[in-house]
Each structure stands twice: as C-alpha cells, then as structure tokens.
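# Coordinates in review
Spelled out, the chains give:
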Amino acid sequence: MPDRAAFIETLPSAVEGDVQTGSSILDLHADDESPFRAHRPDAVFTPTSTEDAARAVRHCAEHRIPVTPFGVGSGQEGGAIPLNGGLSIDTSSLNRVLEVSTEDMTCLVEAGVTRLQLEAELRGKGLFFPVDPGADASIGGMISTGASGTLTPLYGSMKDNVLELEVVTAGGEIVRTGSAARKSSSGYNLTQLFVAAEGTLGLVTKVRLKLHPLPEARVAVRARFETVFDAVTAVTQLTASGVPLARAEFMDRVLMRGVSLMQKVPDEGCHLLCLEIHSDETTAPDRAELAKELCREAGGVAIRASWRTEEISEIWSVRHRAAEAERHLKPGADVIVTDVCVPISKLSTIIADATTELDRLGLTAPLSMHLADGNFHYALLVAPGDAHEAQDAQTFKTWLAQKAVDVGGTISGEHGIGIGKRALMDMAHGPALPLMRVIKQALDPDNIFNPGKVLPE
Ligand SMILES: Cc1cc2nc3c(=O)[nH]c(=O)nc-3n(C[C@H](O)[C@H](O)[C@H](O)COP(=O)(O)OP(=O)(O)OC[C@H]3O[C@@H](n4cnc5c(N)ncnc54)[C@H](O)[C@@H]3O)c2cc1C
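The structure displayed is predicted, hence computed values, not measured ones. (Residues numbered from 1 in each chain as written. Predicted model: local features only at pLDDT ≥ 70, side-chain atom pairs only at ≥ 80, totals over all residues. Heavy atoms only, no water.)

Glancing now at the overall build of the protein chain. Helix and strand counts for the protein chain come out as 17 helices and 18 strands. Over its C-alpha trace the protein chain gives a radius of gyration of 23 Å, about what one expects of a compact globule, namely 23 Å for 457 residues. Across its three principal axes, the protein chain shows a C-alpha extent of roughly 70 × 55 × 40 Å. When burial is assessed residue by residue, the protein chain has 52% of its 457 residues classed as buried. The contacts of the protein chain with a sequence gap of at least 6 include a subset with a gap of at least 24, amounting to 72%. Carbon and sulfur atoms provide 51% of the accessible area of the protein chain, an area that totals close to 19600 Å². Taking the 42 positively charged and 61 negatively charged side chains of the protein chain as two groups, their mean positions are separated by 1 Å. (Helix = DSSP H or I, 4+ residues; strand = E, 2+ residues; numbered from the N terminus. Rg over C-alpha atoms; globule rule 2.2 N^0.38 Å. Buried < 20%, exposed > 50% of the residue type's maximum accessible area, 1.4 Å probe, protein only. Contact = heavy atoms within 4.5 Å. Areas by Shrake-Rupley, 256 points an atom, 1.4 Å probe, with all protein chains shown as cover. Lys, Arg positive; Asp, Glu negative; His and termini not counted. Charge placed at Lys NZ, Arg CZ, Asp CG, Glu CD.)

Now the structure itself:
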C-alpha cells in the first residue's frame, strides 16, 4: 500500500515548484466541467519547468502514487478528476510561448498556455491557431482530449495540427516525439499516441503546433431548414463544389425554441444552419452567391449572406448564444452533454431515430452540431435531484453511443472518454481494446497516470 502521508511529507524536498495541500486548492482540482462527482487529490503541484514536473512524476512513481494532469479543468468527461487521490499536476505555470516561426508557420508552447493566450500572442503576425473549443482550454488539455472546434472542416482538429510533443513518461523521463518538420516517416507515430490519451500515458509539457495564415476574407451565411436532411444536403453540396467551407454549425428546432424564449420573439419552428467560408476579397461575393444558391436549392429559407465584418457578427450572433438559449428551455436544469460523431451520410437518420428515442423517454434535449464533421451534441436537460430523469439521460447516452458505432461512427468526437464512457469502450473498440491495454501496460506498468480513466477495469 502506498504511504500517502510519507509521500506528501517528502514531496516538497523532492521538487522545486509549488506543492499545496490546502482544502480550497484541493477542491479546485477535485472537479471539472463534467457532471461527475468531485474527488480531491492529496496534493496539488504546479511545476514551472519540465524538469520539475519530471522530478514530481519520479517521486510519484517511487511511492506508487497516482498522478492526474490538470489543464484548466474545462473537460466534459471527468478526465481531470483525481478519482484515486494522489497528485494533481497543474500545468498553469508552464505558460510560456517559447517560439513563433512565421517562416515555418509553427509555434512551440508549454502545455499550460491557453488558446486565448496563444491567440493574443499571434495577433499582428498574420497567423492563427484554428482549434477553438468553446472554453479557454490549455493546449496540453486540448492535445490530451483530442479537442476540436468550429473550424475543423477546413483546418482539422488537434491531431491534425500537432507536430511535436515533449512528454514526461511514467518513469519520470523526458522524451520528445515527432519533430519540427512538416512530415515524417521515421518510426512509430508516438505523437499521435498521446493525442486523446487523457493523461493516462504521460504528462505533456511542450507542444509544437502548426499555424495557418489568417484568411483575407470571410463569408458568413445563415439559413433556416425544415429538415436535418436538407441542411446536410446544403453542406455536402457546398463541400463538393470545392468552396473552402470553414464552419458549418447547426442548431435544431428545440434549441431554436430556446433562442425564441431568450430573445422573446415568436418561434419559427425551424432548424438553423450557420456557415463560414474562407476566401480572398475578389472571390468573396461569388462565394456568398453560390452558398445562398445551394442553400436555396436544398430547401433553405430566410437566407442571409455577407462578407462584411459587422454583418458576419450579426449572422453568427445566435450561434454564439447557443449555451445561453439552452438554459431558457428548462431553467435551473443540470446539463449532460453527448458527443458522438458519425459519417455525415448517416446524420439525418441517426438524428431522426434519436428524436423518437428522446420523445419516448420524455427528455428535453436541444441539439447543436458541427455538421460538416458529423459531430453532434445533445444537451440533456435534467431537473436537479430527479434520479429518474438522470437515469433516462444515461440510458439515452448509452443508446446513442451504440447507434453511432452501429453506423460506423465513434462514441466521442471531441470530448474524450474520461469516466463516463469507459463502460462503452468494449462495445466501441472490440478486439482493439486489448491492444490499447498493451500500450498502457508498456508505458505505465504501475498504472500511476490517471487511473480509472479511458480503459474499463
Ligand atoms: C463551455 C465549454 C465548451 C466546450 N467546447 C468544446 C469544443 O467545442 N470542442 C472540444 O473539443 N471541447 C470542448 N469543451 C471541452 C474542453 O474544453 C476540452 O476537452 C479541452 O480540451 C480540455 O482542456 P483543459 O485544459 O480544460 O483540460 P482538463 O479538463 O484540465 O483535462 C482534460 C484531460 O486532459 C488531461 N490533461 C490535461 N492537461 C494535460 C497535460 N498537460 N498532459 C497530459 N494530460 C493532460 C487531464 O488529465 C484530463 O484527462 C468545452 C468545454 C466547455 C466548458
């Protein structure tokens, strides 16, 4: 049995950074944005260098104490909750942007840099980093959950934008994976092994990312649709036309009812699709016209398009307030978010089936989708303390995950597995699951890194 008292007593002399055991700091690291029960770590360590993080991990390894990496705790699946106590390693002081190369269009950052911090750092350089989850997450957390955002159709997710990692292994060694080069055929792709590993294989301390030139012009389009099928058709036609479609965000009619309640306007009873095309100034008007035409042909109505900055903000304003609109449907409700992802050709069928299932269970669940990726989120609105409704929400989550797998999709598009979806991993991965266990066993034989996450018992 690990002697936790001895571990905590000796930790400050084993490391140079900040070790804290006060109850308020433990509480801050006991929880994330998921609905799972909080669990305190025994101590929180905030390293200021990779070497110091490595010393802490070595100390944990010697005492067989669990280590849970902590970014900013915006995760939706409980990944940063230290289920077995131990040490929470908070990366917030690993917060330096070490290098920005406009020539290579890359940057090297420490894992605790947040996406808005990076955005501010890149301002004025003509470059941007395109992965934009709704929260101001840490880059290390975004790597570790395989995060994506609204710009994935054109720029990809974290896995597509990472070149190189520095990682502290379970033995406390510091390793580099990948390189600064744009491509590589050299050896196993260890970089991708750590993407979406949710801190179960090591601690990410530095990340080299790809950057992209800011688009010269943007075209925004908004249209209402009667059916999901029609909205999907508009997006697939637009993609097939070769237009650089950067964003395709969909809000269903339930969510739009929330918008009408929030804005105190009549409910139109339609779904809403918001698009963004990246362009140059010369072709922007033509692209706006083409997008309008394709939306109209697919059955879209009340279509608006513009390439003028102030009108773009206006066209997207409803989408930006989606989370607020959700709350108007059932004030005070707890929100349980789903996150499956399916081939776009299967979207309209799975959404139709899900609507039937939600009606059967009597659940209120507004839907938002990153439509071009086939990734969609139901926000299951559950009355606090209503155990029956919470159970129905869980039933729906499991049902939806099975459906997604059945049509060739995945149980998580961007939030990860964390605690809640571990039980679904066998169903999702079958014979590939033992292979994942072999990797975990090889990299972390004593299971010190984030035990109780991703892989089922
Ligand atoms: C309002 C809101 C909107 C969101 N929208 C999106 C969205 O659009 N797309 C999306 O993908 N996600 C979204 N999320 C989820 C969340 O922001 C992402 O999962 C994000 O990547 C988590 O980053 P974090 O820094 O908060 O990590 P944490 O929550 O702190 O940790 C997440 C996981 O990564 C591990 N981890 C953290 N740092 C490291 C590290 N340095 N090394 C190894 N492991 C580490 C943790 O142990 C944990 O398992 C949203 C969340 C909220 C609250």
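That covers the picture; the talk isn't over yet.
Of note, Thr 50 is situated in helix 3 (residues 50-63). By relative accessible area, which is 2% here, Thr 50 ends up buried. Apart from residues lying up to four places away in sequence, Thr 50 is in contact with Leu 94, Glu 166, Val 168, Ile 174, Thr 205 and Lys 206.

Turning next to the domain arrangement of the protein chain. Structurally, the protein chain comprises domain 1 (4-92), domain 2 (96-213), domain 3 (217-325) and domain 4 (330-426). Computed over C-alpha atoms only, the centres of domain 1 and domain 4 are separated by 31 Å. With eight residues of domain 1 at the contact, the number on the domain 4 side is ten residues. Together domain 1 and domain 4 conceal approximately 690 Å² of surface at their shared face, both sides included; 67% is due to carbon and sulfur atoms. (Domains from an automatic or database assignment. Buried area = accessible area lost by both parts, 1.4 Å probe.)

The angle between the axes and the distance between the axes are what describe a pair of packed helices. Across the interface, helix 14 (residues 347-361) lies against helix 15 (residues 387-406) with an axial gap of 11 Å and an inter-helix angle of 160°. One way to sum up the angle between helix 14 and helix 15 is to call them roughly antiparallel. Read as a crossing pair, helix 14 and helix 15 show a hand that is right-handed. Between helix 14 and helix 15, the residues in contact are Ile 350, Asp 353, Ala 354, Glu 357, Leu 358 and Leu 361 and Asp 392, Phe 396, Trp 399, Leu 400, Lys 403 and Ala 404, respectively. The residue inventory of the contact of helix 14 with helix 15, partitioned by class, reads eight nonpolar, no polar and four charged. (Axes fitted to C-alpha atoms, helices over the stretch in contact; angles between N-to-C directions. Parallel < 35°, antiparallel > 145°, perpendicular 65-115°, else oblique. Left-handed = near helix turned anticlockwise from the far one by under 90°. Nonpolar A, V, L, I, M, F, W, Y, C, P; charged D, E, K, R; others polar.)

Moving on, we come to the pairing of strand 9 (residues 174-178). Sheet topology note: the strand 8 (residues 162-168)/strand 9 ladder contains five bridges and is antiparallel. Bridge pairing in strand 9 links Leu 165 to Thr 177. The antiparallel pairing of strand 8 with strand 9 creates a hairpin that spans five residues between the two strands, and Gly 172 there sits at a positive phi of about 85°. (Pairing = 2+ DSSP bridges.)

Quick look at the packing of aromatic side chains now. Counted by the stated rule, this structure contains four aromatic pairs. Ring geometry for Phe 128 and Tyr 155: centres 5.2 Å apart, planes at 85°, overall edge-to-face. A residue pair is termed long-range when its members are at least 10 positions apart, and Phe 128 in strand 7 (residues 127-128) and Tyr 155 in helix 6 (residues 152-155) qualify at 27 residues. A ring pair is formed by Phe 396 and Trp 399, whose centres lie 5.7 Å apart and whose planes are at 25°; its orientation type is stacked. Taken together, the residues span about one helical turn, with Phe 396 and Trp 399 both in helix 15 at a distance of three residues. Phe 396 gets classed as buried once you look at its relative accessible area, which sits at 0%. (Phe/Tyr/Trp six-rings, centres within 6.5 Å; stacked < 30°, edge-to-face > 60°.)

With that out of the way, let us pick up the site of the ligand. Among the 33 residues in the neighbourhood of the ligand, the closest are listed as Pro 69, Gly 71, Ser 74, Ser 138 and Ser 148. Interatomic distance of 2.7 Å between a side-chain N/O atom of Ser 138 and an oxygen atom of the ligand. In this structure, Asn 450 approaches the ligand through a side-chain N or O atom, which is 3.4 Å from an oxygen atom. Computed on the free molecule, the ligand has an accessible area of 970 Å², of which 90% lies beneath the protein chains in the complex. Secondary-structure elements contributing two or more residues to the shell around the ligand are strand 3 (67-70), helix 5 (139-145) and strand 10 (203-210). No other element matches the five residues that helix 5 contributes to the shell around the ligand. (Near = heavy atom within 4 Å. Polar contact = N/O pair within 3.5 Å; in protein donor to acceptor, adjacent residues only side chain to side chain.)

Overall, mixed pairing links the four strands, which are arranged 1-2-4-3 in an open sheet. Either end of the sheet is taken by a strand with one partner, and the two such strands are strand 1 (18-20) and strand 3. Across this sheet, the average inter-strand angle for adjacent strands is 25°, counted without regard to direction. Sheet analysis places strand 1 next to strand 2 (residues 43-46), joined by three bridges and oriented antiparallel. Its bridge partner lying in strand 2, Gln 20 is registered against Val 44. Docked against the sheet, helix 3 engages strand 2, strand 3 and strand 4 (87-90), running at close to 170° with respect to strand 4.

Spatially, the seven strands line up as an open sheet ordered 15-12-14-13-17-18-16, and their pairing is antiparallel. Either end of the sheet is taken by a strand with one partner, and the two such strands are strand 15 (301-306) and strand 16 (334-337). On average, adjacent strands in this sheet sit at an angle of 15° to one another, irrespective of strand direction. Sheet analysis places strand 13 (residues 245-251) next to strand 14 (residues 271-279), joined by six bridges and oriented antiparallel. Paired with Ala 248 across the strands is Leu 275, a residue of strand 14. Packed onto the sheet, helix 9 (residues 228-240) meets strand 12 (217-225), strand 13, strand 14 and strand 17 (367-370) and runs at close to 10° relative to strand 14. Across the sheet, helix 10 (residues 253-263) lies against strand 12, strand 13, strand 14 and strand 17, angled at about 80° from strand 13, the strand it touches most.

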